[in-house]
Amino acid sequence: QVQLVESGGGLVQPGGSLRLSCAASGSIFTIGTMGWYRQALGKQRELVATIGSNRGTDYADSVKGRFTISRDNTKNTVYLQMSSLKPEDTADYYCNAEIQKYRYSVPSAYWGQGTQVTVSS
């Protein structure tokens, strides 16, 4: 079984910073693209940032220049460093990873359970 476990969410004041982590565990042969998504109350889940296995990155326009995604392949972990946080960044943040469980299996997408980020004074 494969699990993604997020951590690092919480309450932060506008202009502050938070670092989210997401560790994958279980039966893992290789991990492809990893990413962060968020879902605000009453809104659809949206892409925040992705990072490929070659560390190529992509960001939503709303977070460019403020958020940085990175990964540590030795730990099967993806990070999201969030700076200059705004109230509109308030949401549940979910990590996603494309994981190949065995050498000859087809990669599948896995999701974490989510971590809440609240930006408020």
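On a predicted model such as this, the values are computed, not experimentally measured, just so you know.

Caption draft 1: A look at the pairing of strand 8 (residues 77-82). Burial analysis of strand 8 places five of its six residues in the buried class, which makes it a mostly covered element. The pairing of strand 3 (residues 18-26) with strand 8 spans six bridges and is antiparallel. Bridging across to strand 8, Leu 18 finds its partner in Met 82. Linking strand 7 (residues 67-72) to strand 8, which pair antiparallel, is a turn of four residues; within it Asn 76 sits at a positive phi near 50 degrees.

Caption draft 2: Quick peek at the nonpolar core. Counting residues in hydrophobic clusters, the biggest one holds 30 residues, and the most contacted among them are Trp 36, Leu 80, Met 82 and Tyr 93. Put simply, the parts of the chain that give this core at least two residues each are strand 1 (2-7), strand 3, strand 4 (30-39), strand 5 (46-51), strand 7, strand 8, strand 9 (91-100) and strand 11 (115-119). If one sorts the elements of this core by residue count, strand 9 sits on top with five residues. Leaving out residues up to four positions away in the same chain, Met 82 has contacts with Gly 16, Ser 17, Leu 18, Leu 20, Arg 66, Phe 67, Tyr 93 and Val 117.

Here is what the cut-offs are and how they apply
- Residues numbered from 1 in each chain as written.
- Predicted model: local features only at pLDDT ≥ 70, side-chain atom pairs only at ≥ 80, totals over all residues.
- Heavy atoms only, no water.
- Buried < 20%, exposed > 50% of the residue type's maximum accessible area, 1.4 Å probe, protein only.
- Helix = DSSP H or I, 4+ residues; strand = E, 2+ residues; numbered from the N terminus.
- Pairing = 2+ DSSP bridges.
- Core = buried A, V, L, I, M, F, W, Y, C linked by side-chain atoms within 4.5 Å.
- Contact = heavy atoms within 4.5 Å.

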